[in-house]
Amino acid sequence: MTFKQLFSPLQVGALHLPNRIVMAPLTRGRAGAERIPNDMMMEYYTLRAEAGLIITEATQISEQAAGWNESPGIHTDAQVKGWQKITDAVHRNGGRIMLQLWHAGRASHPDFQPGGMLPVSASAIAINGYSHTPKGKKPYLTPRPLELDEIPGVVQQYATATLRAQEAGFDGVEIHAANGYLIDQFLRDGVNQRTDAYGGSIANRARFLLEVTEAVVNAWNGDRVGIKLSPSNDVFNDMRDSDPKATFTYAAETLNALNLAFLDIQEALPGRSIQSSIQTCRSANHNSKRCEQSGD
């Protein structure tokens, strides 16, 4: 891409970007113990308002979704008001900003969970590693598989978070379905060992991803929604899949029917060319697209 192209306008769904510089989501952990966006965060995002588009740091959709110290939320009125100050400031400075919706799933720890409960996932398979909890570094524990009758409630949490994002003044939302967090845990067969309607075949494993995306689109509109996937990630959060090409081709082709604003493909492996990710994005969605190499 030439500098002329970099500073040329781009239509991304409903958003007209004055340039093609997109700020990737970057976890910062500065929202405090109450996870309420604050003045420090407002300054941080406002200073970057000249970018064509800002994607916020990963933002938890519920108390259960937490998996990082002092990351922000979007599930309380106080959090919505905190984000309103930020979106107002970004807009006053000519920027556009989308909220990244996040549920950590098994990449959490009871120290983050209400009542010290176990974190949830697709299946009872623990991450091989350590969580940096509010009480120090601790081994990940085996998560509790979500029951069938619990899944619609989690899907609704994504939709409710989307409505709260609208109330907070965001220009759209990005669904975090990458990097070994809850949606990714359902999608990959290295973690998803379910035998019900959400496990086994690729179509079944992708069911949760599609239900969440449809709920978010119905809560707003497809041209205000992006989604992030990480097909080549087989390291971060101890993720793996027996056939990632088939899994993520199916996911991208199915998501394409929802006419999303963009499909964000993260290239995670060192030394791998980003060109394959760009081509994947272009073939997966006929609307405007964005690909990146780094971020949450």
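My aim in this report is to walk through the structure given alongside it, one point at a time. Please read all numbers here as calculations on a predicted model, not as lab measurements. (Residues numbered from 1 in each chain as written. Predicted model: local features only at pLDDT ≥ 70, side-chain atom pairs only at ≥ 80, totals over all residues. Heavy atoms only, no water.)

### Thoughts on the overall build of the chain
- Across its full length, the chain holds 9 helices and 12 strands.
- Put simply, the chain has 296 residues, and 52% of those count as buried.
- Look at the contacts in the chain between residues 6 or more apart in sequence, and 72% of them connect residues 24 or more apart.
- Carbon and sulfur atoms make up 51% of the accessible area of the chain, which totals about 12400 Å². (Helix = DSSP H or I, 4+ residues; strand = E, 2+ residues; numbered from the N terminus. Buried < 20%, exposed > 50% of the residue type's maximum accessible area, 1.4 Å probe, protein only. Contact = heavy atoms within 4.5 Å. Areas by Shrake-Rupley, 256 points an atom, 1.4 Å probe, with all protein chains shown as cover.)

### Structural notes on the packing of aromatic side chains
- If you walk through the whole model with that rule in mind, you get 7 aromatic pairs.
- Ring centres 5.0 Å apart and planes at 80° place the aromatic pair Tyr 44 and Tyr 45 in the edge-to-face group.
- Note on Tyr 45: relative accessible area 0%, which makes it buried.
- Plain terms: the ring middles of Trp 83 and Phe 170 are 5.3 Å apart, the flat faces sit at 65° to each other, and that makes the pair edge-to-face. Of the two residues, Trp 83 sits in helix H3 (residues 77–92) while Phe 170 sits in the loop between helix H4 (151–167) and strand S10 (172–176), which places them 87 residues apart along the sequence.
- On the accessibility criterion, Phe 170 (4% relative accessible area) is buried.
- Its guanidinium or amino end placed over the ring of Tyr 44, Arg 28 lies 3.4 Å from that ring's centre, counting from NZ or CZ. (Phe/Tyr/Trp six-rings, centres within 6.5 Å; stacked < 30°, edge-to-face > 60°. Lys NZ or Arg CZ within 6 Å of the ring centre and 35° of its normal.)

### What to know about the pairing of strand S11 (residues 225–229)
- Counting buried residues in S11 gives 5 out of 5 residues, a clear majority hidden from the surface.
- Burial along S11 is two-sided: the face carrying Val 225, Ile 227 and Leu 229 and the face carrying Gly 226 and Lys 228 are both buried.
- Across 4 bridges, the pairing between S10 and S11 is parallel. Among the inter-strand pairings, Glu 174 is bridged to a residue of S11, identified as Gly 226.
- Direction of pairing for S11 relative to strand S12 (residues 262–265): parallel, over a ladder of 4 bridges. Across the sheet, residue Lys 228 finds its bridge partner in S12, namely Asp 264. (Pairing = 2+ DSSP bridges.)

### A short note on H4
- For H4, spanning 17 residues, the distance from its first C-alpha to its last is 25 Å, which sits close to the expected 24 Å at 1.5 Å a residue.
- For H4, the full list of buried residues reads Ile 151, Val 154, Val 155, Tyr 158, Ala 159, Ala 161, Thr 162, Arg 164 and Ala 165.
- As for H4, its buried residues are in contact with H3, strand S5 (97–102), S10, helix H5 (182–187) and helix H7 (207–219).
- At the C-terminal side of H4, Gly 169 shows a positive phi close to 95°. (Expected span 1.5 Å × (residues − 1).)

### Regarding the pattern of salt bridges
- Taken as a whole, this structure holds 8 salt bridges when the rule is applied.
- Of the charged contacts, one joins Lys 85 and Asp 39 as a salt bridge, the two residues approaching to 3.0 Å between their closest N and O atoms. Residue Lys 85 is located in helix H3, and its partner Asp 39 is located in helix H2 (residues 39–46); the two are separated by 46 residues in the primary sequence.
- Of the charged contacts in the structure, one is a salt bridge between Asp 238 and Arg 240, with a shortest N-O distance of 3.5 Å.
- For Asp 238, a relative accessible area of 24% gives the class partly exposed.
- Residue classification places Arg 240 among the partly exposed positions, given a relative accessible area of 36%. (Salt bridge = Lys/Arg side-chain N within 4 Å of Asp/Glu carboxyl O.)

### Examining the packing of H4 against H7
- Remark: H4 packs on H7, axes separated minimally by 8 Å, with the N-to-C direction vectors making an angle of 35°. Remark: the crossing between H4 and H7 carries right-handed chirality. The residues of H7 that touch H4, namely those facing Ile 151, Val 154, Val 155, Tyr 158, Ala 159, Thr 162, Leu 163 and Gln 166, are Phe 208, Glu 211, Val 212, Ala 215, Val 216 and Ala 219.
- A breakdown of the residues in the contact of H4 with H7 according to their chemical character gives 11 nonpolar, 2 polar and 1 charged. (Axes fitted to C-alpha atoms, helices over the stretch in contact; angles between N-to-C directions. Left-handed = near helix turned anticlockwise from the far one by under 90°. Nonpolar A, V, L, I, M, F, W, Y, C, P; charged D, E, K, R; others polar.)

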